[in-house]
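Below, each chain spelled out in residue letters.
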Amino acid sequence: AAVCPVDCCVPNPDIPETHEVLLARARRLHPDETIPDDAPSRFKKEGAAPAAGNGQAGPVAAAPPPAAAPPPAAKPAPAAAAAPAPAARPTAGVRGRVEKPIGRPTPPRPTPTFAGELPGTFEQLLADLGAPRRRVRSIGTRLGLALLAAGQGVLGAMPAAAKQRLETAVADRRYFNAQLATAANLFLNLVLYPVVLMVLAIVGGRAGFFTPKLSSWIFFGIVLAAAEAAWRLRESLFRGTPVARVPQRAAIYGPLVAVGLGWPLRLLLGTRGAESTPSFDGFYAGQDHFDGKLERDRRYGSVYRLEDRDDAYILRVEFPRALPPSSLADELRLPPEMPDYDYDLKVENGSVVVHGRVSDPSVRKLTAVAPAFPPEFTTRVPLGDPVAGFKHRYRDKTLEVILPKAGA
C-alpha cells in the first residue's frame, strides 16, 4: 500500500471477489485457524445478516489429543474435513469491489455555540443582510459619494492598494467598486491618451489641426492605451486567469490620482472597519526553511478584517494553515497542514474577543520548540457601535462572525 495505494487498484470484472471467495481463500491460507461465517467483511453492511459460508461458527473448541495414525487400509477422512473447495466463479459481468483498509471515518467536529449567539444559520443571516448599503448623513459624505459616482473611471487608475482602501472606506459598491473602476479606466484611457498626445503634438508644433501628422499621434495614443491595458491585465490575457483574480494594477498616472483624489476622498468618507496586514514577507530559519510572515501572524491571531456596514459588522479572522518549520515535526511525522484550532468567541466591553488554542497533542509539542508558535492566542477587535448579538461559522481555516448592530 505504501507504493501502490488501494484507490489506484481497478478490479477485473472477469475475476470478481465476493465475500464467499475471500472467506474460502482465507481458510486455505490459514488452515490452523477457525474463521467463522460471520467474520468481519467489507461486503456486509453494519447490522445485516452474515453471508453464508462453509466454515465453522462460534468459539474455537479445545483441540483433542492426537489420535493414533490410521492403518494403511483405513477409510479416508470425510470430505467435510478436507479443505474447502474454491467457490464457483460467478457469471461474467458482475463487477467486484476494491479492497480498502478498514477504518472508521473521522466524524465532523460539531459547531460550538456561545453565549450571545443568534438563532438561525450564518448563511441565512448573511442573505438577510443583503448587499452593503451606506446611509448618507453629512454634506461631506454626500460630496464624496457624488465624486465617486462621477469619477470611477479616473479613480480606477490608482494602485491596487489605494483602490482597495477606498472600497473598504466606502463600504457600498454602488458608489465604488475596484474592479469596475479599473475596467472603466481602461476604456477611458483609449480616449484620454490620444487626446493628450494630440494636444502635446499641437502645442509642440509637431502637427497642426486637420493634418495627416495629427492622425499618427492619435493612433500612437490608442496603441499606448492598448499596450498599457495588456500589461495591467497580463495574467488574464496571456495565462487565462479570470479577470476577478487579476491584480487591479495602476495606470501610468495612477500615483498622482491616488494622492490628489483618493486620499482626500478617504478623509471625507471616514475610516470604516479595520484590517491587519504583514509588513514584510517572512523569515529564513535555516538553509531550506522559510517561515512566511503572514503565517506567523496567523499563529498570533493578528490577521483579520473587520467590515463596518451600516447594519452590521462582519469579522473574518484567519487561523494558521501550515505547521512551522521544525525538525521535531519531521521526527513526529506530522503532516504539513495545521490541524483545526479550538476557539472561543464572545462580545464584551464593546469588543469581539476570539481565543484560539492548539488542541492536537502532537502539534502542541511544537509550541515549545518552534519559533513564533504560541499554544494559544487572544484577539480583541474593538467595535464602534453596540451590537445585538452575533452568528459565526468556521470553514477553510477562517472564522467569520456577523454582528448585527443594535437597532439596525
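Residues numbered from 1 in each chain as written. Predicted model: local features only at pLDDT ≥ 70, side-chain atom pairs only at ≥ 80, totals over all residues. Heavy atoms only, no water.

Caption draft 1: Representation of the pairing of strand 9 (residues 391-395) within the structure. With four of its five residues buried, strand 9 lies for the most part within the structure. Bridge count for strand 9 against strand 10 (residues 398-404) is five bridges, and the pairing is antiparallel. Its bridge partner lying in strand 10, R395 is registered against T398. (Buried < 20%, exposed > 50% of the residue type's maximum accessible area, 1.4 Å probe, protein only. Helix = DSSP H or I, 4+ residues; strand = E, 2+ residues; numbered from the N terminus. Pairing = 2+ DSSP bridges.)

Caption draft 2: Molecular detail of the confidence of the model for the protein. Looking at the protein, the pLDDT average stands at 78 and 74% of residues meet or exceed 70. Considering each helix and strand of the protein separately, the mean pLDDT is smallest for strand 2 (residues 282-284), with a value of 51, and largest for strand 7 (residues 351-357), with 95. Low confidence marks residues 47-103, where pLDDT is under 50. Its contacts with residues over four positions away, or in another chain, come to 57 contacts. (pLDDT = per-residue confidence, 0-100. Contact = heavy atoms within 4.5 Å.)

Caption draft 3: Geometry of the sheet that holds strand 6 (residues 342-348). The sheet built from three strands is open, its strands ordered 6-7-8 with antiparallel pairing. Each having just a single partner strand, strand 6 and strand 8 (376-382) make up the two edges of the open sheet. For this sheet, the mean angle separating the axes of adjacent strands, direction not counted, is 15°. (Axes fitted to C-alpha atoms, helices over the stretch in contact; angles between N-to-C directions.)

Caption draft 4: Region of the structure containing the environment of P371. Relative to the elements of secondary structure, P371 occurs in the loop between helix 12 (361-366) and strand 8. The sequence separation of P371 and P325 amounts to 46 residues, and the corresponding C-alpha distance is 8.7 Å.

Caption draft 5: Looking closely at the packing of helix 5 (residues 160-170) against helix 9 (residues 254-269). Their axes nearest at 9 Å, the elements helix 5 and helix 9 cross at an angle of 20°. What the angle tells us is that helix 5 and helix 9 run roughly parallel. Of the two elements, helix 5 crosses helix 9, and the hand of that crossing is left-handed. Residue-level contacts link A162, R165, L166, A169 and V170 of helix 5 to A258, L265, R266 and L269 of helix 9. Its residues assigned to classes, the contact of helix 5 with helix 9 comprises seven nonpolar, no polar and two charged. (Parallel < 35°, antiparallel > 145°, perpendicular 65-115°, else oblique. Left-handed = near helix turned anticlockwise from the far one by under 90°. Nonpolar A, V, L, I, M, F, W, Y, C, P; charged D, E, K, R; others polar.)

Caption draft 6: Expanded view of the pattern of salt bridges. Following the criterion strictly, the structure yields 21 salt bridges and no others. Taking the shortest distance from any N to any O, the salt bridge between K405 and D308 comes out at 2.8 Å. With K405 in the segment after strand 10 and D308 in strand 4 (residues 304-308), the pair connects residues that are 97 residues apart, well separated along the chain. Across the pair, D308 and K405 agree in class, each one buried. Residue E348 is joined to R380 by a salt bridge in which the shortest nitrogen-to-oxygen separation is 3.3 Å. With E348 in strand 6 and R380 in strand 8, the pair connects residues that are 32 residues apart, well separated along the chain. Judged by relative accessible area, which is 27%, E348 ranks as partly exposed. Salt bridges linked by common partners bring E123, E307, R316, R393, R395 and E400 together as one network. (Salt bridge = Lys/Arg side-chain N within 4 Å of Asp/Glu carboxyl O.)

Caption draft 7: Spatial organisation of unusual backbone geometry. Not every positive phi belongs to a glycine, and R333 is a case in point at roughly 55°. Relative to the elements of secondary structure, R333 occurs in the loop between helix 11 (327-331) and strand 6. Positioned with a positive phi, K397 is a non-glycine residue whose angle comes to about 60°. Secondary-structure assignment places K397 in the loop between strand 9 and strand 10. When its relative accessible area of 11% is taken as the criterion, K397 is described as buried.

Caption draft 8: Fine view of the nonpolar core. Core analysis: the largest hydrophobic core is formed by 29 residues, its most contacted members being L315, F319, V354, F373 and L399. Elements represented by at least two residues in this core include exactly strand 4, strand 5 (312-318), strand 6, strand 7, helix 12, strand 8 and strand 10. When residues no more than four places from it in sequence are discounted, the contact partners of F373 are R299, P324, M338, Y341, V358, V363, L366 and T367. (Core = buried A, V, L, I, M, F, W, Y, C linked by side-chain atoms within 4.5 Å.)

Caption draft 9: Local environment of the packing of aromatic side chains. Following the criterion strictly, the structure yields eight aromatic pairs and no others. Pairing Y193 with Y253 gives two aromatic rings, centres 6.3 Å apart and planes at 75°, and the pair type is edge-to-face. With a gap of 60 residues between them, Y193 in helix 6 (residues 178-203) and Y253 in the loop between helix 8 (234-239) and helix 9 connect regions that are remote in the sequence. The exposure class of Y193 is buried, given its relative accessible area of 8%. Between F319 and Y394 the ring centres are 5.4 Å apart and the planes differ by 80°, which places this aromatic pair in the edge-to-face class. Separated by 75 residues along the polypeptide, F319 in the loop between strand 5 and helix 11 and Y394 in strand 9 bring together distant segments of the chain. (Phe/Tyr/Trp six-rings, centres within 6.5 Å; stacked < 30°, edge-to-face > 60°.)

Caption draft 10: Representation of helix 5. Taken residue by residue, helix 5 has A162, K163, L166, E167, T168, A169 and V170 as its buried positions. Backbone geometry just downstream of helix 5 places A171 in the positive-phi region, at approximately 60°.

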